[in-house]
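Listed below, chain by chain, are the residues.
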Amino acid sequence: MNMDKNQYKKFSAAHAPKSPIVKDCVFAFLFGGGICVLAQGFRDVYMMIPNMSKESAGTLASVTLIFIAVLLTGLGVFDNIAKIAGAGTLVPITGFANSVASPAIDSRSEGYVLGVGAKIFTVCGPVLLYGTLAGFIYGIIYWIIGLF
C-alpha cells in the first residue's frame, strides 16, 4: 500500500480513536482537586499538633503526599490512577515524586550507580534544568528593572 503524506494523514485521522476531551478535563479537575483537598486535610490535621506552625504543617503535608505518591508508584498503583485521572495526577508534588521514583524503580536491576543513580532524574531532570535556568534569567531581568 503506497501512500503519500496527505493520504496517510487522512487514513490515520479516520482510524484514530477519538479523545474524550471533556471527560478527561473533568477527571483531571476532580482528581487534581481531590489531591489538593487531601493535602489541605493533612495540613489541618498536622496543625492540631501542639506548637506546630502553619509552615511546618504545610511541609509535613507535602512530605506526606510525596511519600504516598512514591509508595503508590512502587506498588504499581499510581500508573493505574493516572490512566483515569490524566493530568490530575500531575499536581506538582505528586507528579514530581512519581517522575523521580518511576525511573529509579525501573532501572534498579542495573545497579545502584549505573541504574538508579544514572537514570533517577531522566524524566524530571529537564524540568529542573530549565526551571532553574528560567528562574535565573527572570531574576536577572527583575534585578535590572529594579536598578531603574
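Residues numbered from 1 in each chain as written. Predicted model: local features only at pLDDT ≥ 70, side-chain atom pairs only at ≥ 80, totals over all residues. Heavy atoms only, no water.

**Q** How should the overall build of the protein chain be read in this particular structure?
**A** The secondary structure content of the protein chain amounts to 7 helices and 0 strands. Mapped in sequence order, the helices and strands of the protein chain form the string α-α-α-α-α-α-α. On C-alpha atoms alone, the protein chain measures out to a radius of gyration of 21 Å, which is more than a quarter above the 15 Å that the 2.2 N^0.38 rule sets for 148 residues. For the C-alpha atoms alone, the extent of the protein chain along its principal axes is close to 70 × 50 × 40 Å. A buried classification covers 20% of the 148 residues belonging to the protein chain. For the protein chain, long-range pairs separated by at least 24 residues make up 48% of all intrachain contacts whose partners lie at least 6 apart in sequence. Accessible area for the protein chain stands at about 11,000 Å²; split by element, carbon and sulfur atoms hold 72% of it. (Helix = DSSP H or I, 4+ residues; strand = E, 2+ residues; numbered from the N terminus. Rg over C-alpha atoms; globule rule 2.2 N^0.38 Å. Buried < 20%, exposed > 50% of the residue type's maximum accessible area, 1.4 Å probe, protein only. Contact = heavy atoms within 4.5 Å. Areas by Shrake-Rupley, 256 points an atom, 1.4 Å probe, with all protein chains shown as cover.)

**Q** Looking at this structure, I do not really get a nonpolar patch on the surface. What am I missing?
**A** A cluster of nonpolar side chains, namely Leu129, Tyr130, Leu133, Phe136, Ile137, Ile140, Ile141, Trp143, Ile144, Ile145, Leu147 and Phe148, defines an oily patch on the protein surface of about 1,300 Å² accessible area. Following the sequence through the fold, Ile141 ends up in helix α7 (residues 125-147). Given a relative accessible area of 45%, Ile141 falls into the partly exposed group. (Patch = residues over 30% accessible without salt bridge, like charges linked within 9 Å, V, L, I, M, F, W, Y side chains within 5 Å. Salt bridge = Lys/Arg side-chain N within 4 Å of Asp/Glu carboxyl O.)

**Q** Looking at this model, I keep getting lost on the packing of helix α2 (residues 21-47) against helix α4 (residues 78-85). Mind explaining?
**A** Packed helix pairs are characterised by how far apart their axes lie and by the angle those axes make with each other. The N-to-C vectors of α2 and α4 enclose an angle of 130°; their axes lie 8 Å apart at closest approach. Judged by the angle between their axes, α2 and α4 are oblique. For the pair α2 and α4, the contacting residues are Phe27, Ala28 and Phe31 in the first and Ile81, Ile84 and Ala85 in the second. Residues of the contact of α2 with α4, tallied by class, amount to 6 nonpolar, no polar and no charged. (Axes fitted to C-alpha atoms, helices over the stretch in contact; angles between N-to-C directions. Parallel < 35°, antiparallel > 145°, perpendicular 65-115°, else oblique. Nonpolar A, V, L, I, M, F, W, Y, C, P; charged D, E, K, R; others polar.)

**Q** I'm lost on the packing of aromatic side chains in this one. Help?
**A** Here the distance between the centres and the angle between the planes together describe a pair of aromatic rings. Applying the stated rule across the entire model yields 3 aromatic pairs. With a centroid separation of 6.2 Å and an interplanar angle of 20°, the aromatic rings of Tyr138 and Tyr142 are classed as stacked. Of this pair, Tyr138 and Tyr142 both sit in helix α7, separated by 4 residues, roughly a single helical turn. Overall, Tyr142 belongs to the exposed group, its relative accessible area being 59%. (Phe/Tyr/Trp six-rings, centres within 6.5 Å; stacked < 30°, edge-to-face > 60°.)

**Q** Where do I start with the environment of Leu128 in this structure?
**A** Assignment of secondary structure puts Leu128 in helix α7. Each C-alpha atom of the pair Leu128 and Leu72 lies 23 Å from the other, and the pair is 56 residues apart in sequence. Contacts of Leu128, omitting those with residues within four sequence positions, involve Phe96 and Phe121.

**Q** Explain unusual backbone geometry to me, please; I cannot follow it from the model alone.
**A** A negative phi holds for most residues other than glycine; trans holds for most peptide bonds. Residues other than glycine seldom take positive phi values, yet Asn51 does so here, at roughly 65°. Following the sequence through the fold, Asn51 ends up in the loop between α2 and α3 (54-74). With relative accessibility at 84%, the residue Asn51 sits in the exposed group.

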